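# An overview of the molecular structure
Residues per chain are reported as follows:
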Amino acid sequence: MVVEKKKERSSEIPTSSLADIAFLLLIFFLVTTTIDVDKGIGLVLPPKGEAKEVSKRNITNLLINAEGKVMIDEQETDIPMIKNIIKEKIAQNPKIIISVKTDENTKYRYYIQVLDQLKQANARKISIAEPEK
Amino acid sequence: MALKFKRKSGAEGGIPTASLPDIVFMLLIFFMVSTVFKEFRGIPVRLPAAKKIEKLPGKRNVVYLWADDRDRVSMDDKFIEIREISNIMYNKLNDPTKQIRVISMKIDGQAKMATVTKVHEELRETGGAALNVNYSTKTAN
């Protein structure tokens, strides 16, 4: 009986297509990755049931009505003016708290514009009161 | 006088491609690691614009909440009642696999403040990390 010798096979793994496979995966991840970062105005809400008594001298009332008109301490103002007014108020009294009050039907857009102005004025103490009914 | 032109020494043509897979793999690994898949699609909203904005701390530790101009609220790709928020948030905060740090609110500019305040109240009910709110906005010019 003759035992045949096994044919020699090449023992290497073909790697010529490795780059193609890697490219394919790379393109998939390139396409699915979204680089855009979420941005926005940050705010820390107070925990429930935390109400502090504050003297009236340290409060500035900022009212926004349903039409988006703004009133700071009984004086009507335009939204782009808020920044400077609040800056002055903070300079006069660093302890001042800005109490933002909105109407139920006030649009969120106006609220964000006002909040943006307050942030630009570096106001740290912002209180958000419940909408008037 | 006749000029003599020297023949350039024959440079080898062809770019060496032996290290190509390595480079591609490196890029691939970078993108694999940095990719965060979107978990939820949300509902279409037109975000308001603001100037003084801050970035969210990554995308992994964020809970998203949507509210549109018809005052419908959506979380986890479902429309929900506002009063359900505190329960949902409580479960999310107690999920050991996730460390929630901030709530990103994507609210339409035309939504009413009544809705926003109700959402605030629910988040205050939950407490903890749910108090960290970020009002998602576009960048104003």
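Residues numbered from 1 in each chain as written. Chains lettered and ligands numbered in written order. Predicted model: local features only at pLDDT ≥ 70, side-chain atom pairs only at ≥ 80, totals over all residues. Heavy atoms only, no water.

### Concerning the packing of helix H2 (residues 82-92) of chain A against helix H3 (residues 108-120) of chain A
Residue and element names in this part refer to chain A. Spelled out, the test is: Where helices are involved, their axes are fitted lines through C-alpha atoms of the stretch in contact, as for all axes, and angles between N-to-C directions lie from 0 to 180°. For the purposes of this entry, the term helix denotes a DSSP run of H or I that reaches at least four residues, the term strand denotes a run of E that reaches at least two, and both are numbered from the N terminus. Roughly parallel means an angle under 35 degrees; roughly antiparallel means over 145; roughly perpendicular covers 65 to 115; every other angle is labelled oblique. Helix crossings get a hand from a simple test, with the near helix turned counterclockwise from the far one by less than a right angle marking a left-handed crossing and a clockwise turn marking a right-handed one. The criterion used for residue contact is that any of the two residues' heavy atoms lie within 4.5 Å. Here the nonpolar group is Ala, Val, Leu, Ile, Met, Phe, Trp, Tyr, Cys and Pro; Asp, Glu, Lys and Arg are the charged ones; every other residue, Gly included, is treated as polar.
Packing of H2 against H3 brings their axes to within 8 Å, and their N-to-C directions diverge by 45°. Compared by their axis directions, H2 and H3 come out oblique. Between H2 and H3 lies a crossing of right-handed hand. Residue-level inspection shows Ile-82, Lys-83, Ile-86 and Lys-87 of H2 in contact with H3, the latter providing Val-114, Gln-117, Leu-118 and Gln-120. For the contact of H2 with H3, the class distribution of residues is 4 nonpolar, 2 polar and 2 charged.

### As for the interface of chain B and chain A
Rules: Here, a salt bridge means any Lys or Arg side-chain nitrogen found within 4 Å of an Asp or Glu carboxyl oxygen. Polar contacts, as counted here, are pairs of nitrogen or oxygen atoms within 3.5 Å of one another; within protein the pair requires one atom able to donate a hydrogen and one able to accept it, and residues that are adjacent in sequence qualify only if both atoms are side-chain atoms.
Chain B puts 46 residues into the contact, and the matching count from chain A is 44 residues. The tally of links from chain B across to chain A stands at 0 salt bridges. Applying the counting criterion to the chain B and chain A interface returns 16 residue pairs in polar contact (both at pLDDT 80 or more). Put simply, the parts of the chain that give the side of chain B that touches chain A at least two residues each are helix H1 (20-34), strand E1 (49-50), strand E2 (54-55), strand E6 (102-107), helix H3 (113-126) and strand E7 (132-136) of chain B. Looking at the side of chain B that touches chain A element by element, the count peaks at 9 residues for H3(B). Partitioning the side of chain B that touches chain A into residue classes produces 25 nonpolar, 10 polar and 11 charged.

### Some words on the packing of aromatic side chains
Operational definition: Pairs were defined over the aromatic rings of Phe, Tyr and Trp, the Trp ring being its six-membered one, requiring ring centres within 6.5 Å. Orientation was assigned from the angle between planes: stacked under 30 degrees, edge-to-face over 60, tilted for the rest.
Summed over the entire model, instances satisfying the criterion amount to 6 aromatic pairs over all chains. Joined through ring pairs, the aromatic side chains of Tyr108(A), Tyr111(A) and Tyr135(B) make up one cluster.

### Here's the deal with the pattern of salt bridges
Residues and elements named next belong to chain B. How we decide: The classification of residues rests on relative accessible area computed with a 1.4 Å probe and restricted to protein chains. Under 20% of the type maximum is buried, over 50% is exposed, and intermediate values are partly exposed.
On inspection of all chains with the given rule, the structure shows 4 salt bridges over all chains. Between Arg-72 and Asp-68 there is a salt bridge; the shortest N-O distance is 2.8 Å. With a relative accessible area of 32%, Arg-72 lands in the partly exposed category. The buried category is assigned to Asp-68, whose relative accessible area is 3%.

### Quick word on the sheet that holds strand E2 (residues 59-64) of chain A
Residues and elements named next belong to chain A. What counts, and what does not: Criterion used throughout: strands pair if DSSP finds at least two bridges between them.
Taken in spatial order, the 5 strands make up an open sheet running E4-E3-E2-E5-E6, and their pairing is mixed. The two strands at the open ends of the sheet, each matched to only one other strand, are strand E4 (75-77) and strand E6 (126-128). Between one strand axis and the next, the sheet turns by 25° as a mean value, whatever way the strands run. Set on the sheet, H3 makes contact with E2, strand E3 (70-72), strand E5 (97-102) and E6; between it and E2 the angle comes to about 150°.

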